[in-house]
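# Chain and residue survey
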Amino acid sequence: MSGAPLLALDGLSIAGGHGQILVEDVGFAINPGETLAVVGESGSGKTLTALSLLGLLPERLRVTGGAARFGGQDLLRLDDSALQHVRGAAIGMVFQEPMSALNPVVTIGTQMTEALRIHRGLGRAAAAAAAIRALDLVHLRDPAGLMRRYPHQLSGGMRQRVMIAGAMVLEPALLIADEPTTALDVTVQMQILRLLAEMKARFGTAILLITHDMGVVAECADRVVVLRQGRMQETGPVGAIFHAPRAAYTRTLLAAVPRPDAGTTPPAVRSAAAGAAGTGTPPVLAIERVSRSFRAGGLFRRKHHVAVDGVSLAIAAGETLALVGESGSGKTTLGRAVLGLEEIDAGRILLDGTDLRTTRGAARQALRRHVQIVFQDPYASLDPRMKVGDAIAEPLTLLGLLRGAAARARARALLQEVGLPADFADRYPHQLSGGQRQRVAIARAIGIGPRLLVADEPTSSLDVSVQAHVLDLMATLQARLGLACLFISHDLAIVRRVAHRVAVMRAGRVVETGPVDAVLDRPQDPYTRALIAAVPVPDPNRARCRAGGLVAPTGIDRGVADAAGTGRGVVPCGAADPAVR
Amino acid sequence: MSAAVEIVAAPPREAPWIARLLRAPGGAIGAALILLLLFSALFGDALVPYSPTRMAAGRPLLAPSLAHLFGTDEFGRDEFSRVLAGARLTLMVGLVAVGLSFSAGLIVAMLAVLARGWRGAAVMRLMDVLFSFTDTLIALACVAVLGASLQNAVLAVGIAAIPFYARTAHAAALVERGKPYCEAAAVAGAGPLRLALRHLLPNIMPVMIVVATMGVSTAILATAALSFLGLGAQPPMPEWGLMLAGARSYMERAPWLMLFPGLAIALTVLGFNLLGDALRDAIDPGRRGR
């Protein structure tokens, strides 16, 4: 700790519209050139804390106490016009969703130069030159050409680079990054984290990193603040938080993080289905050379986008096959095809030896009985105007298995089976938490006794501690019911925890398939290797993105910074994001 | 199962929508105005000092006084009695016209969503074509064919508004149709009819109710306009639009004859609009602050 901190937050409290306390007595200090991670699950107040520093709290919320000293001013007491000078100029901000944080109808150039012209009073040409330099700084190819493009023409990773360039263009002393990589694929995430580290090293920018991901924390942070329900649980250097956590909640949080490296698979899960998996029994689901392409583009420039390209897979009863890949790899399209929600152009999908495509009407309806789905977003996959009990009973009555009171009774029994009280049947989905809703979705899916469950990123919208519960529930039910499961995920740590076998997809093809341990520990395909290397490891000693580790904290020249930006040869940075370099 | 940890933290029940509605100032004022209209419509008969069609209840074109609160018109009819009696007509007009266009529009939209493909598109393009004519023009055409009477005017206004409701419902239904819960229902074996009735309809209803509430005011205005043009209500009906038309000739000698029916229309329209606005804020979860 040298000299006065850059930002000293003390005793911050925030109250909601009805006087409920959302954040209570939160305080921390950020030194120049330091990364402070604020960690917490949803509802922990981590984002509210950041927003209050910028005077951007939602209308009904108020700061009820505390002070935030930054450059001789108290940020919490500045009026709007004074804050406007601080925002952008002295404190930059990078948001979670690069899609919605950029204005879709304005060119990158206009958005980049706007801040320069307001804060620095630069002319059009000078602002454009500065913006191009900033875009170059974040390693975007052809920055001058990029200035004329619109956000939708850029990939998610490129957009987040533009956001960082926009935040860095005024060389702020503090950069607030609110879940900057949550919406991105792992390989892109690693690049963005490295870029943030590089900016910090080059300009001495302090970073306030808000995240729920302990892996990201371990990779980047110097110090950590753990929040829970608006209260500070623990604060300390990253090493101490990970190796000697004092608060019980920190320990729970760390224990719940699935680690992608070996040795963490619960033996119960692994042995449960080992008997059924991989033996001579015929597969429940057989996918044979399935292809699906979409027509894209306008009337005159027809393009064929091949989403799934000749994929063959099989899943036995009681087995979980994880389908892994980044966005656009075709894993979701394949899952939807198995459910019959998507047509296929070529190949066959066999369920218990019967082709789904050739059966029609009643036979198809009967087959429906055997495939069910758990969706990614439990907030959208339950009808908001249908009571939970009715939603669970719906498949039962529709398939003519049970009706009336019998179906309702079964729904209540199913609720108990997934660990919820039976009287939840009379609630509406919005009265339930995310984890509870996902349990309801699971109850609904298993109610009719399916043979195959398609789970499309079933835990990616849940908090880590809830994730673990839901995964355990799925594993237990699967073992008991002998379900085959197609588990679609981008998260290798979760895959190691639940799956027996893995198929890695890239650009519509399966590049590698095999038992989980074999694929994750001894990957053969270079893409699989890149994917595994990019996963943040929740171990600060192995971190690759903290400036102090790789890059000298002072006296940065371009060469050193670029070495940090591109990694140590494990991740082919340019390969996954063509805009880079 | 170690689920106990998360069960504790169920979100609290929020205030019912009706409480949220009345807490908003716009909602309270709107509701008060609509209640006033409803009260006049229900009990106007018992309250009026004179029969609304009785000629020479006083001398013609009397200024407002205690005996004749709103004055008298050119035939000596009591203006207050007529405005009060008009409330029932106006309420009927609004509800019947909106009820017609609302239900027809909803059916058309649901059919279009169910049919999908080119049939659905054809239905909606037809609606677009109708939509491109102004409501008044369609209403005029209908009245021209059916003849001028209040019933026909209401029918015409109702028909003219069908495309509006169909398009709104169709757009809302398409949004809902793309959400995972609809796919989940399809995977559970729900056919298109069940999907439409059990899932889509309840989910677009909040939006549609709000739209319809505001639509009542549009329908009232449109019918009043038709009556004003002599194509709707016929004398001696105490219809506000018709009363305005009659009062036009005496604008300078008896301005109160225009003031009171005009004020009645304006307040009714304001009431439905305020109520619709507040209803949207109260029902739409997206606008609900947490």
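Residues numbered from 1 in each chain as written. Chains lettered and ligands numbered in written order. Predicted model: local features only at pLDDT ≥ 70, side-chain atom pairs only at ≥ 80, totals over all residues.

### Regarding the overall build of chain A
To keep things clear, this is the line we draw: Under the DSSP-based scheme used, a helix requires at least four consecutive residues in state H or I and a strand at least two consecutive residues in state E, with every element numbered from the N terminus. Here exposure depends only on C-beta density: within 10 Å of a residue's C-beta, 20 or more other C-beta atoms make it buried, 12 or fewer make it exposed, and intermediate numbers make it partly exposed, the C-beta atoms being placed from the backbone.
Secondary structure assignment for chain A yields 24 helices and 20 strands. Relative to its full complement of 581 residues, chain A shows a buried share of 51%.

### Notes on the interface of chain B and chain A
So the rule is basically this: A pair of residues counts as a contact when their C-beta atoms, built from backbone coordinates, are separated by no more than 7 Å. Each residue receives one of three labels: charged for Asp, Glu, Lys and Arg, nonpolar for Ala, Val, Leu, Ile, Met, Phe, Trp, Tyr, Cys and Pro, and polar for the others, Gly being one of them.
Contact with chain B, which involves 24 residues of that partner, is made by 32 residues of chain A. Listing elements by their share of the side of chain B that touches chain A, those giving two or more residues are α1 (4-7), α9 (180-187) and α10 (192-228) of chain B. Here the element with the most residues in the side of chain B that touches chain A is α9 of chain B; it accounts for 7 residues. Class assignment for the residues of the side of chain B that touches chain A results in 15 nonpolar, 5 polar and 4 charged.

### Remarks on the environment of Ile220 of chain B
All names here are of chain B. Structurally, Ile220 is set in helix α10. Overall, Ile220 belongs to the buried group, with 26 C-beta atoms counted inside 10 Å. In the structure, Ile220 is positioned 187 residues away from Leu33 in sequence and 15 Å away in space, judged by C-alpha atoms. What Ile220 contacts, discounting residues up to four positions off in sequence, is Thr90, Val93, Gly94, Ile265, Thr268 and Val269.

### Remarks on the sheet that holds strand β17 (residues 452-456) of chain A
All names here are of chain A. Inclusion rule: Strands pair, by our definition, only if DSSP identifies at least two bridges between them. To define axes, lines are fitted to C-alpha atoms, for helices over the stretch in contact only, and angles between the resulting N-to-C directions are given on a 0 to 180 degree scale.
Pairing is mixed across the open sheet formed by 6 strands, whose spatial order is β16-β17-β18-β13-β19-β20. Pairing within the sheet leaves two strands with one partner each, and these edge strands are β16 (371-374) and β20 (509-515). Taken over all neighbouring pairs, the strand axes of this sheet differ in orientation by 20° on average, direction set aside. Note that β16 and β17 share 4 bridges and pair parallel. Residue pairing in the sheet places Ile373 in a bridge with Val454 of β17.

### Some points on the pairing of β17 of chain A
Residue and element names in this part refer to chain A. Applicable threshold: For the handedness criterion, the strands are oriented away from the viewer, and a crossover whose path from the first strand over the helix to the second runs clockwise is classed as right-handed.
Burial analysis of β17 places 5 of its 5 residues in the buried class, the great majority of the element. Of the two faces of β17, the one lined by Leu452, Val454 and Asp456 and the one lined by Leu453 and Ala455 are each fully buried. Two strands pair when backbone bridges link them, and β17 and strand β18 (residues 484-489) are joined in this way by 5 bridges, in the parallel orientation. Of the residues in β18, the one forming a bridge with Asp456 is Ile488. Chirality of the crossover, the property in question, places the unit of β17, helix α18 (residues 464-481) and β18 among those that are right-handed.

### So, the confidence of the model for chain B
Residues and elements named next belong to chain B. Spelled out, the test is: A residue's pLDDT is the predictor's confidence in that residue, given on a scale from 0 to 100.
Looking at chain B as a whole, its pLDDT mean stands at 84, while 92% of the residues score no less than 70. Low pLDDT (under 50) marks residues 1-11, which in the prediction has 20 contacts with non-local residues, meaning those over four places away or in another chain. In the model, residues 286-290 has pLDDT below 50 throughout and makes 4 contacts with residues more than four positions away in sequence or in other chains. As a predicted assembly, this complex carries a pTM of 0.75 together with an ipTM value of 0.71.

### A short note on the pairing of strand β2 (residues 21-30) of chain A
Note: strand β1 (residues 7-15) of chain A against β2 of chain A, 6 bridges, orientation antiparallel. Along β2 of chain A, the bridge assignment pairs Ile14 of chain A with Val23 of chain A.

### Some points on unusual backbone geometry
For the bond from Pro235 of chain B to Pro236 of chain B, the omega torsion is 5°, close enough to zero to count as cis. Look at His139 of chain A: it is not a glycine, yet its phi comes out positive at around 65°. Positionally, His139 of chain A belongs in the loop between α5 (124-137) and α6 (143-146). Its 23 C-beta neighbours within 10 Å are what place His139 of chain A among the buried residues. Even without being a glycine, Glu171 of chain A presents a positive backbone phi close to 50°. Looking at the secondary structure, you find Glu171 of chain A in the loop between α7 (156-168) and β7 (174-178).

### Some details on helix α13 (residues 331-339) of chain A
Residues and elements named next belong to chain A. α13 sits mainly inside the fold: 9 of its 9 residues count as buried. Listed in full, the buried residues belonging to α13 are Lys331, Thr332, Thr333, Leu334, Gly335, Arg336, Ala337, Val338 and Leu339. Within two residues after α13, Gly340 carries a phi angle of roughly 80°, on the positive side.

### Examining the environment of Leu78 of chain A
The topology assignment puts Leu78 of chain A in the loop between β5 (73-74) and α2 (80-86). Along the sequence, Leu78 of chain A and Gly55 of chain A sit 23 residues apart, while their C-alpha atoms lie 8.2 Å from each other.

### Points about α10 of chain B
All names here are of chain B. Going by this rule: Expected span of a helix, by definition, is 1.5 Å for each gap between consecutive residues, and there is one gap fewer than residues. Fitting axes to the seven residues that end at a residue and to the seven that start at it, the angle between those axes gives the bend at that residue.
Compared with an ideal rise of 1.5 Å per residue, which puts 37 residues at 54 Å, α10 spans 45 Å between its outermost C-alpha atoms and falls more than 12% short. Its maximal kink placed at Met205, α10 deviates by approximately 45°, while the proline Pro206 follows within four residues. Once α10 finishes, Gly230 follows within two positions and takes phi at roughly 85°, a positive value.

### Topic: the packing of helix α4 (residues 108-120) of chain A against α5 of chain A
Axis angle and axis distance: for two packed helices, these are the angle between their axes and the distance between the axes, and together they describe the pair. Residues and elements named next belong to chain A. Note the threshold: Any angle that is under 35 degrees is reported as roughly parallel, and any over 145 degrees as roughly antiparallel; angles of 65 to 115 degrees are reported as roughly perpendicular and all others as oblique. Handedness of a crossing is defined here by the sense of rotation of the near helix relative to the far one, left-handed for an anticlockwise turn of less than a right angle and right-handed for a clockwise turn.
Taken N-terminus to C-terminus, the directions of α4 and α5 make an angle of 115°; their axes are 9 Å apart at the nearest point. When the interaxial angle is binned, α4 and α5 end up roughly perpendicular. At the point where α4 passes α5, the crossing takes the right-handed sense. Together, Gly109, Met112, Thr113, Leu116 and Arg117 of α4 and Ala127, Ala128, Ala130, Ala131 and Ala134 of α5 make up the contact between the two elements. Classifying every residue of the contact of α4 with α5 by side-chain character gives 7 nonpolar, 2 polar and 1 charged.

### Comments concerning the packing of helix α17 (residues 434-446) of chain A against α18 of chain A
All names here are of chain A. Close contact between α17 and α18 brings their axes to 10 Å; oriented N to C, the two are set at 15°. In terms of axis orientation, α17 runs roughly parallel to α18. Judged by the twist between their axes, the crossing of α17 over α18 is right-handed. Residues Gly434, Gly435, Gln438, Arg439, Ile442 and Ile446 of α17 lie in contact with α18, whose contacting residues are Val466, His469, Val470, Leu473, Met474, Leu477 and Leu481. Classifying every residue of the contact of α17 with α18 by side-chain character gives 8 nonpolar, 4 polar and 1 charged.

### Considerations on the environment of Leu221 of chain B
Residues and elements named next belong to chain B. Relative to the helices and strands, Leu221 is located in helix α10. Look at Leu221 and you get partly exposed, because 18 C-beta atoms sit within 10 Å. C-alpha separation for the pair Leu221 and Leu257, spaced 36 residues apart in sequence, amounts to 18 Å.

### Comments concerning the confidence of the model for chain A
Residue and element names in this part refer to chain A. Put simply, chain A has an average pLDDT of 81, and 87% of its residues get 70 or more. Model confidence for chain A, summarised as mean pLDDT per element, is weakest for helix α23 (residues 558-566) at 34 and strongest for strand β13 (residues 320-324) at 93. Low pLDDT (under 50) marks residues 263-278, which in the prediction has 27 contacts with non-local residues, meaning those over four places away or in another chain. Within the model, the stretch residues 547-581 combines pLDDT values under 50 with 60 contacts to residues more than four positions away or in other chains.

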